[in-house]
Amino acid sequence: MRVHARDNVAIIVNPEGVAAGAEFPDSLTAREAIPQSHKIALAAIEPGQPVCRYGEIIGYARRAVEPGQWVREEMIEAPAAPDLDTLPLATRPPAPLPPLEGFTFEGYRNADGSYGTRNILGLATTVQCVAPTVEYAARRIRAELLPRFPHVDDVVAVTHPYGCGVAIEAPGARIPVRTLQHISLHANLSGQPLLVSLGCEKLQPARLFPPAFAGQALPVLEAANVIRLQDQLGFAETVAAILRAAELRLIQLDRRRRHTCPAAGLVVGLQCGGSDAFSGVTCNPAVGFAADLLVRAGATVLFSEVTEVRDAVHLLTPRAATPNVARALIREMRWYDDYLALGQADRSANPTPGNKRGGLANVVEKALGSIAKAGSTALMDVASHGEKVTGKGLIFAATPASDFICGTQQLASMNLHIFTTGEGTPYGLSLVPVLKVSSRTALAEKWHDLIDLDAGGIATGAKSMEEVGWEIFHRVLEVASGRRTWSEHWGLGNALIPFNPGPVT
Ligand code: CA
C-alpha cells in the first residue's frame with residue numbers, strides 16, 4: 001500500500017507478510033521476507049537520500065537500499081524536527097465545508113450549557129490519600145443504592161495521584177489543578193459532584209474551586225456536598241456519611257432524562273495508542289473523515305499528543321484559522337521541547353517497542369500518521385494543558401501522548417472519546433464512553449469483545465475511507481445517546497493521571 005505518488009516505500013498489507021521472491025503486479029520483487037505493516041523499498045535509495053511516506057520525508061537512508069528490500073528502522077536516520085521559528089502562519093486555512101444539518105443525539109442538558117452523554121454520580125476528590133476510602137464507598141453505593149435509581153448510569157470515584165506533597169504554588173502545578181477542576185465539574189457528572197477531602201492536604205476544596213470558578217462551583221462547596229474525612233468519627237461513619245450524601249444526589253440525578261440535543265453539543269476527544277504502520281492509512285484518516293463530519297455538524301473535535309504533532313507541525317500551522325492560532329500551536333510545541341530537554345530527552349523518546357514491531361520507523365512516521373485524525377478542516381483554536389475548550393470546530397488541546405495522561409487531560413473538555421489502535425489496548429475511561437477503532441481487521445477479529453469498530457477494510461479495499469468515516473460518525477451519535485462501548489460493557493476505566501510537570505516535595 002503506497003500512500004502518496006512521491007513515496008519510495010510502501011507497507012505490506014498481507015496479514016502473513018510476503019516471502020522472499022514474492023512478485024508484485026508492478027514487477028517489483030521482494031528481496032527478503034517482509035512482515036505485515038513493515039516497509040518495502042519501491043526504488044533504489046542512495047545513502048543520504050530521503051525516504052518518503054505520506055509524501056513527506058520520514059528520514060534519510062543510512063546506506064544504499066535496493067528496490068524490494070525491507071526498509072527497517074535502523075536503516076533510516078530521522079530528520080531534525082521542523083524549525084519552530086520559520087513555520088508558515090495561517091497561510092492556507094481550508095475553506096469551511098458545507099454544514100451538516102439535522103444530526104442529533106439523545107443526551108443530558110446541563111445548567112452550564114454543556115451536554116452530558118452519561119448520567120453519573122461523581123465522587124470528586126482533592127487528594128490521593130482519600131482514594132481507597134472513596135473507591136470503597138463507591139463499591140457500596142453501586143451495590144446498595146444504585147439499583148434503586150435506574151436512570152443513573154453509574155457512580156464513579158474520581159480519584160487521582162495528585163493533591164499533596166507537591167509545590168502547589170509552582171507554575172507547573174496550574175496544569176494538574178485546572179485539569180482536576182474541570183474533571184470534577186464534568187458534563188457527565190451534571191457539573192455537580194460530591195467532593196471528598198482529607199482535611200490537611202495542599203489542594204484544599206477552596207483551592208480546587210477558587211472564586212474564579214464560583215459561579216459553577218459554589219453548589220459543590222455547600223457543606224452538604226463536601227465530606228472532610230478528618231471531621232468524621234472513624235472509617236464506618238465516614239463511609240456512612242458518603243452514602244447519605246450520595247443518596248440525596250442520586251434522588252436528583254434519577255429525575256434526569258435524555259433529550260434530543262444537537263450534534264453541536266458533542267466535544268469529541270481523539271487519541272491513538274498502540275499505533276502501527278496501518279494506523280496512518282486506515283483508522284486515523286477514517287477518524288479524520290468522521291472529525292470533518294462532526295465539525296460540519298457544529299461539534300467540537302479535539303486532537304492532542306504534542307510529541308505526535310511536533311514532527312508534522314509544518315503541515316498544521318498553515319491550516320490555522322488565524323496567525324494567532326498558529327502561534328499558540330507553536331507555543332505549545334516550544335513549551336514541550338523545553339520540558340523534554342529538562343529531562344534530557346527529545347521527541348524521539350516517544351515511539352514504543354510495539355510501535356516499532358508494528359512497522360513504525362520513528363516518531364516522524366508516527367506523527368504523519370497520527371495527525372491524519374485531525375481531518376482536513378481549519379484549526380480553530382489551541383488549548384494549553386488541562387484548559388477547558390469552549391470553542392467549536394477542530395481544536396488542538398495540548399497533552400502528552402501517554403494514553404492515560406492524554407485521556408485524563410482531554411476529560412477537562414470532552415464528553416466522548418474516539419481511540420484508534422493498531423497493536424491493541426483495552427483502554428477505557430469511567431467518565432466518558434471510549435469508542436475504540438482498530439487499524440487492522442486481524443486485531444478486530446482477535447479482540448472481538450474489545451474493539452468497537454474496524455477500519456482495516458480500508459487497507460484490503462473491502463471498504464472506502466468515506467464509508468468507515470460515516471460509520472464512525474453514526475456510531476458516535478449512537479454511543480452519545482447511550483449505546484454502550486466494549487470498555488463500558490466490561491467496566492474498564494483507566495486511572496485518572498493528571499499531567500504534573502511541577503515539583504513534588
Ligand atoms: Ca496516545
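Numbering of residues begins from 1 in every chain and follows the order in which that chain's sequence is written. The predicted nature of this model means local features are confined to residues of pLDDT at least 70 and side-chain atom pairs, given and counted, to a pLDDT of 80 or more, with totals for whole chains, interfaces and linings taken over all residues. Side-chain measures were taken over the full set of non-hydrogen atoms in the model, leaving aside hydrogen atoms and water.

Pairs were defined over the aromatic rings of Phe, Tyr and Trp, the Trp ring being its six-membered one, requiring ring centres within 6.5 Å. Orientation was assigned from the angle between planes: stacked under 30 degrees, edge-to-face over 60, tilted for the rest. Taken as a whole and assessed by the stated rule, the structure comprises 14 aromatic pairs. Relative to Phe499, the ring of Trp335 lies with its centre 6.1 Å away and its plane at 85°, an arrangement referred to as edge-to-face. Residue Trp335 is found in helix α8 (residues 323–342), and its partner Phe499 is found in the segment after α15 (486–490); the two are separated by 164 residues along the sequence. You can call Trp335 partly exposed: its relative accessible area is 32%. A relative accessible area of 5% places Phe499 in the buried class. Secondary structure counts use DSSP, requiring at least four H or I residues in a row for a helix and at least two E residues in a row for a strand, with both numbered from the N terminus. Throughout, exposure labels follow a simple rule: accessible area from a 1.4 Å probe, protein chains only, divided by the maximum for the residue type, with under 20% read as buried, over 50% as exposed, and the rest as partly exposed.

Below, the discussion takes up the coordination of the calcium ion. Within the protein, the atoms that donate to the calcium ion are Gln271 (OE1), Cys272 (O), Glu305 (OE), Ala401 (O) and Asp403 (OD), at distances of 2.3 to 2.6 Å. Listed donor atoms are N, O and S within 2.8 Å of the metal (Na, K and Ca: 3.2 Å). As water is not included, a site may look incomplete. Look at where the donors of the calcium ion fall in the sequence and you get Q-C-x32-E-x95-A-x1-D. Separated by 130 residues along the polypeptide, Gln271 in strand β14 (residues 267–272) and Ala401 in the loop between β17 (393–397) and α11 (403–410) bring together distant segments of the chain.

To continue, consider the pattern of salt bridges. Basic side-chain nitrogens of Lys or Arg form a salt bridge, by our definition, when they fall within 4 Å of a carboxyl oxygen of Asp or Glu. Scanning the entire structure with this criterion turns up 24 salt bridges. The salt bridge partner of Arg207 is Glu169, with a shortest N-O separation of 3.2 Å. Note that Arg207 is positioned in helix α3 (residues 205–208) and Glu169 in the loop between β10 (154–158) and α2 (174–184), a separation of 38 residues in sequence. It is possible to trace a salt-bridge network through shared partners that takes in Glu32, Arg72 and Glu74.

Bringing the layout of surface pockets into the picture now. Here a cavity denotes a set of grid points, spaced 1 Å apart and computed over the protein atoms alone, in which a 1.4 Å probe fits but from which it cannot get out, and a pocket denotes an open set meeting protein on both sides within 12 Å along at least five of seven lines; residues with an atom within 4 Å of a point are reported as lining. Grid points are joined across faces, edges and corners, and a volume is the space filled by probe spheres set on the points. The calculated volume of the largest pocket comes to roughly 630 Å³. As for the largest pocket, its lining consists of 32 residues, and the residues nearest its centre are Arg142, Asp154, Val156, Ser430 and Gly493. Contributing elements (two or more residues each) for the lining of the largest pocket: α1 (131–145), β10 and α15. Here the lining of the largest pocket takes five residues from β10, the largest share from any one element. By residue class, the composition of the lining of the largest pocket is 15 nonpolar, eight polar and nine charged. In this classification, Asp, Glu, Lys and Arg are treated as charged, Ala, Val, Leu, Ile, Met, Phe, Trp, Tyr, Cys and Pro as nonpolar, and every other residue, Gly included, as polar.

Reading across from one edge, β3-β4-β6 is the order of the three strands in this open sheet, with antiparallel pairing throughout. The sheet is open, and its two edges are formed by β3 (50–53) and β6 (76–77), each paired on a single side. When DSSP finds two or more bridges between a pair of strands, those strands are recorded as paired. Relative to β6, strand β4 (residues 56–61) runs antiparallel, the two sharing two bridges. Following the sheet pairing, Tyr60 is matched in β6 by Glu77. In what follows, residue pairs with any heavy atoms lying within 4.5 Å of each other are defined as contacts. Fitted lines through C-alpha atoms give the axes, limited to the stretch in contact for helices. The angle between two N-to-C directions lies from 0 to 180 degrees. Here helix α10 (residues 363–370) sits on the sheet and contacts β3 and β4; the angle it forms with β4, its principal contact strand, is near 165°.

Before going further, it helps to spend a moment on the domain arrangement of the chain. Entries for the chain in the domain assignment read domain 1 (1–80), domain 2 (110–253) and domain 3 (260–490). Where a domain begins and ends is set by an automatic assignment or by a domain database. Each of domain 2 and domain 3 was reduced to a C-alpha centroid, and the two centroids are 28 Å apart. Taken together, the contacts link 14 residues of domain 2 with 26 residues of domain 3. Of the roughly 1,700 Å² buried between domain 2 and domain 3 on both sides combined, carbon and sulfur atoms contribute 61%. When the area that domain 2 buries against domain 3 is broken down by residue, the three leading residues are Tyr115, Thr117 and Arg118, summing to 36%. At the junction of domain 2 and domain 3, the tally comes to one salt bridge. A 1.4 Å probe defines the accessible area here, and the buried area is the portion of it lost by two parts on being joined, summed over both.

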